[in-house]
Amino acid sequence: MATFWIILTAVLVSSACAILGCFLILRRMALVGDAISHAVLPGIAIAFLWSGSRDSLWMLLGATIFGLLTVFFIQSLQAGGLSSDASIGIVFTALFAVGVILISLNAQHIDLDLDCVLFGEIAYVQWDTLTLGGTDVGPRAVWMLGITLLVILVVIGLFYKQFKLCAFDPALAAACGIPVVLFHYLLMGLVSMTSVASFESVGSILVVGMLIVPAATAYLLTDRLGRMILYSVLVGAASSVGGYMMAYAMDASIAGCMVAVAGILFVLALLLSPKHGIILRYARRKFATR
Amino acid sequence: MGNWILSILSDPNTRWILLGCLLLGFSSGIIGSFTFLRRQSLMGDTLAHAALPGICIAFMLTETKSVGLFLFGALVAGIIATFGISWITRYSRIKQDAAMGIVLTVFFGIGVVMLTRIQHGASGSQSGLDKYLFGQAASMVMTDVYVMGGVCLVLLIACLVWFKEFKLVSFDPGFARGMGLPVAMLEQLILLLTVIAVVAGIQAVGVVLVAALLVTPAAAARCWTDSLALMVVLAGIFGALSGATGTIFSTFVPNLPTGPVTVLAATILFAGSALLAPRRGLLARRLRSMQAKSAYLREERATLQTLSAQGTQQERGEL
């Protein structure tokens, strides 16, 4: 049963991340996901200090606010003429520093482990269960991530066309009357929400890895957005299952193994993709010149 | 105040930490200027994460916790990561930011796997390895400062020797190629120097925050000047200042970690620069635009007046 819950949690995280990751990759904002998932740390710490409990709702709220703040700061610096990479670098390191300081100054009062936030411990998911009306209904993380995934599916499903246009051609989208900025913040809000919902149970490496790597793999395999999302989710799920097996065999970090497997799948796609793969492209060029 | 600083400096341990952080800030500020101009500011973050498997492999192979060996392992991993990034961007449709993200997460994931293997392994104690994640400036000793000094010297000499080449490559790689400069090699050289700075910084400020030392002082320096030479020097000074501030504050308040305070000091310097710098600062720009607006309005009013005067003259003429 433990295996089932762990894999289910991982698949939920990777599916949520994979869907959002596709839009991030297309908008060339891959590292914004990395930035957000680090910059929500002060939000978590403040929510923790303020509410005095590990209540997920407060943490979710605090972290989402800080995620959006991050995006806002990055946007303002860019509007001030700074390049996007520098704005990201300045903002998220500063916020992360604030988070680390808050946690280390209050280390006696909080039992929030820095290591735990970064790596998470997906193996403990099954013990933290939710009880509804006296009955045990399964791990809390599964419920939280399930709701997050549902929110993502609903939002992306409702505004698929708008998100698609914003991803490929923001100028055209703006000309069509789509509130581009609103959709930008909506997407970033979803990323913040996902990163914090996953944080507690799986840590930030898995989130960042699953945001970027499966989506990039899918990007090598297809030119259609709908298929890209589907492939991305499949790659994420395959990495989750493969990573669990690898971690089981090696007795090592589950989240780390999942990201490592995603990396292996990416390299395979890079080499073997029918249209964009290095090997086939090389072969085609050889064939064409002959 | 002065007394208080003197009392801190009289502690030899703190003196070493202060010197180390100063040197670290200085050298990362200098090399950070080039990565900043080349729009590779997040390279520091990527390389710092990517160094983790190198550190772990160095430990697994030798089973000793020696700083020199760790640095070597991190250096090798960092170099492999830079090659990986340029390889992915060159041979596929993946853009640089995604390539950096992929290398960052996958290398770090592998590093964490190794870290847990070490933890579960027979050799047991991995304590001391985890300090590379969050950094522990307070554990800096004399030899670390010597290493930092060496790194600083290497970076300084390299930047002095190849200043012209780096300048060209940073501003106009196409032109540099046209002049016959080995652009790809110079770019790799800048990345190598970045790796060295990052690796030296990891054990003081940790994996995530090392990126800040590369970006933030350089961005702050950029606000003040348009000359590269001045910018490099300023970035070095800003970095060193942040390092010193971080050390002094963290010795003053118990439980305050040095790395994050250093980063916040750099951020405050940046915010101040972005606000107050004479030409590119926010206040100066606001003032200029207000002046331009009022000048425009004055001109507009004057034109309107002459036009209306002409109009009344014409009306009179017609009558």
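Conventions and cut-offs
Residues numbered from 1 in each chain as written. Chains lettered and ligands numbered in written order. Predicted model: local features only at pLDDT ≥ 70, side-chain atom pairs only at ≥ 80, totals over all residues. Heavy atoms only, no water. Helix = DSSP H or I, 4+ residues; strand = E, 2+ residues; numbered from the N terminus. Rg over C-alpha atoms; globule rule 2.2 N^0.38 Å. Buried < 20%, exposed > 50% of the residue type's maximum accessible area, 1.4 Å probe, protein only. Contact = heavy atoms within 4.5 Å. Areas by Shrake-Rupley, 256 points an atom, 1.4 Å probe, with all protein chains shown as cover. Lys, Arg positive; Asp, Glu negative; His and termini not counted. Charge placed at Lys NZ, Arg CZ, Asp CG, Glu CD. Axes fitted to C-alpha atoms, helices over the stretch in contact; angles between N-to-C directions. Parallel < 35°, antiparallel > 145°, perpendicular 65-115°, else oblique. Left-handed = near helix turned anticlockwise from the far one by under 90°. Phe/Tyr/Trp six-rings, centres within 6.5 Å; stacked < 30°, edge-to-face > 60°. Lys NZ or Arg CZ within 6 Å of the ring centre and 35° of its normal. Nonpolar A, V, L, I, M, F, W, Y, C, P; charged D, E, K, R; others polar. Salt bridge = Lys/Arg side-chain N within 4 Å of Asp/Glu carboxyl O. pLDDT = per-residue confidence, 0-100. Core = buried A, V, L, I, M, F, W, Y, C linked by side-chain atoms within 4.5 Å. Buried area = accessible area lost by both parts, 1.4 Å probe. Polar contact = N/O pair within 3.5 Å; in protein donor to acceptor, adjacent residues only side chain to side chain. Patch = residues over 30% accessible without salt bridge, like charges linked within 9 Å, V, L, I, M, F, W, Y side chains within 5 Å.

1. Notes on the overall build of chain B
- Within chain B, the secondary structure is distributed over 14 helices and zero strands.
- The N-to-C order of helical and strand elements in chain B reads α-α-α-α-α-α-α-α-α-α-α-α-α-α.
- For a compact globule of 319 residues, the expected C-alpha radius of gyration is about 20 Å, and chain B comes in at 26 Å, more than 25% above that figure.
- Buried positions account for 49% of the 319 residues belonging to chain B.
- For chain B, restricting intrachain contacts to residue pairs at least 6 apart in sequence, the fraction spanning at least 24 positions comes to 71%.
- Surface exposure of chain B reaches about 14,700 Å², of which carbon and sulfur atoms provide 67%.
- The positive charge centre, built from 22 side chains, and the negative charge centre, built from 14, are 1 Å apart in chain B.

2. Thoughts on the overall build of chain A
- On a plain count of helices and strands, chain A comes out with 13 helices and two strands.
- Put simply, chain A has 290 residues, and 57% of those count as buried.
- Intrachain contacts of chain A at a sequence separation of at least 6 include 70% that bridge at least 24 residues.
- Total accessible area on chain A is roughly 12,100 Å²; 70% of this is exposed by carbon and sulfur atoms.

3. Quick word on the packing of helix H11 (residues 225–250) of chain A against helix H12 (residues 254–272) of chain A
Residue and element names in this part refer to chain A.
- Relative to each other, H11 and H12 sit at 125°, their axes nearing to 7 Å. In terms of axis orientation, H11 runs oblique to H12. The two elements H11 and H12 meet at a crossing, and its hand is right-handed. Along the contact surface, H11 presents Val235, Ala238, Ser239, Ser240, Gly242, Gly243, Tyr244, Met246 and Ala247, while H12 presents Ile254, Cys257, Met258, Ala260, Val261, Ala262 and Leu265.

4. Looking at helix H3 (residues 41–51) of chain A
- Among all positions of H3 of chain A, only Leu41, Pro42, Gly43, Ile44, Ala45, Ala47 and Phe48 of chain A are buried.
- Glycine 52 of chain A occupies a position one or two residues after H3 of chain A and carries a positive phi of about 70°.

5. Some points on the packing of aromatic side chains
- Counted under the stated rule, the structure contains twelve aromatic pairs over all chains.
- Site record: aromatic cluster; members linked through ring pairs are Phe23, Phe159, Phe163 and Phe183 of chain A.
- Over the aromatic face of tyrosine 219 of chain A sits the side chain of arginine 93 of chain B, whose NZ or CZ is 4.1 Å from the ring centroid.

6. Brief notes about the packing of helix H7 (residues 140–158) of chain A against helix H10 (residues 180–221) of chain A
All names here are of chain A.
- Their axes nearest at 9 Å, the elements H7 and H10 cross at an angle of 165°. By the angle between their directions, the pair H7 and H10 is classed as roughly antiparallel. The interaxial crossing formed by H7 with H10 has left-handed handedness. Counting all contacts with H7, which are made through Arg140, Ala141, Met144, Leu145, Thr148, Val151, Ile152, Val155 and Ile156, the residues of H10 involved are Leu186, Leu190, Met193, Thr194, Ala197, Ser198, Glu200 and Ser201.
- Here the residues of the contact of H7 with H10 are counted per class, giving eleven nonpolar, four polar and two charged.

7. Quick notes on the pattern of salt bridges
- Enumeration according to the criterion identifies six salt bridges over all chains in this entry.
- The partner of aspartate 223 of chain A in a salt bridge is arginine 93 of chain B, with the nearest N and O atoms 2.9 Å apart. A residue pair is termed interchain when its members come from two chains, as with aspartate 223 of chain A in the loop between H10 and H11 and arginine 93 of chain B in the loop between helix H4 (67–91) and helix H5 (96–120).
- Judged by its relative accessible area of 23%, arginine 93 of chain B falls in the partly exposed class.
- One network of salt bridges, in which partners are shared, links Arg222, Asp226, Arg279 and Arg280 of chain B.

8. Focus: the environment of leucine 186 of chain B
All names here are of chain B.
- When you line up the elements, leucine 186 lands in helix H10 (residues 183–205).
- Sequence separation between leucine 186 and serine 170 is 16 residues; the distance between their C-alpha atoms is 9.9 Å.
- Non-local contacts of leucine 186, meaning those with residues more than four positions away in its chain, are made with Glu165, Phe166, Val169 and Leu181.

9. Observations regarding the confidence of the model for chain B
- Averaged over all residues, the pLDDT of chain B is 86; the fraction at 70 or higher stands at 92%.
- Overall fold confidence (pTM) sits at 0.87, and the ipTM for the predicted complex is 0.90.

10. Focus on the nonpolar core
- Membership of the largest hydrophobic core comes to 179 residues, with the highest contact counts inside it found for Ile25 and Phe266 of chain A together with Ile94 of chain B.
- Contact partners of phenylalanine 266 of chain A, with chain neighbours within four places excluded, come to Val213, Ala216, Thr217 and Leu220 of chain A together with Ile88, Ile94 and Ile102 of chain B.

11. Some remarks on the confidence of the model for chain A
- Mean pLDDT over chain A works out to 86, with 88% of the residues at or above the 70 mark.
- Per-residue pLDDT, averaged within each element of chain A, yields its smallest value for helix H6 (residues 114–119) of chain A (59) and its largest for H11 of chain A (94).

12. Brief notes about the interface of chain B and chain A
- At the interface, 52 residues of chain B touch 56 residues of chain A.
- In total, about 4,500 Å² of surface goes out of reach between chain B and chain A, with carbon and sulfur atoms giving 77% of it.
- Inspection of the chain B/chain A interface yields one salt bridge.
- In this structure, the connection of chain B to chain A is made through twelve residue pairs in polar contact (both at pLDDT 80 or more).
- When residues of the side of chain B that touches chain A are traced back to their parent elements, those giving at least two are helix H3 (43–62), H4, H5, helix H6 (131–134), helix H11 (210–224) and helix H13 (258–276) of chain B.
- With 16 residues, H5 of chain B is the single largest residue contributor to the side of chain B that touches chain A.
- Within the side of chain B that touches chain A, the residues separate by chemical class into 32 nonpolar, twelve polar and eight charged.

13. As for a nonpolar patch on the surface
Residues and elements named next belong to chain A.
- A contiguous nonpolar surface patch, about 550 Å² in accessible area, is contributed by Ile46, Trp50, Trp58, Leu61 and Ile65.
- The dominant element in the nonpolar patch, judged by the number of residues it contributes, is helix H4 (residues 56–79), at three residues.
- Position of isoleucine 65 among the secondary structure elements: in helix H4.

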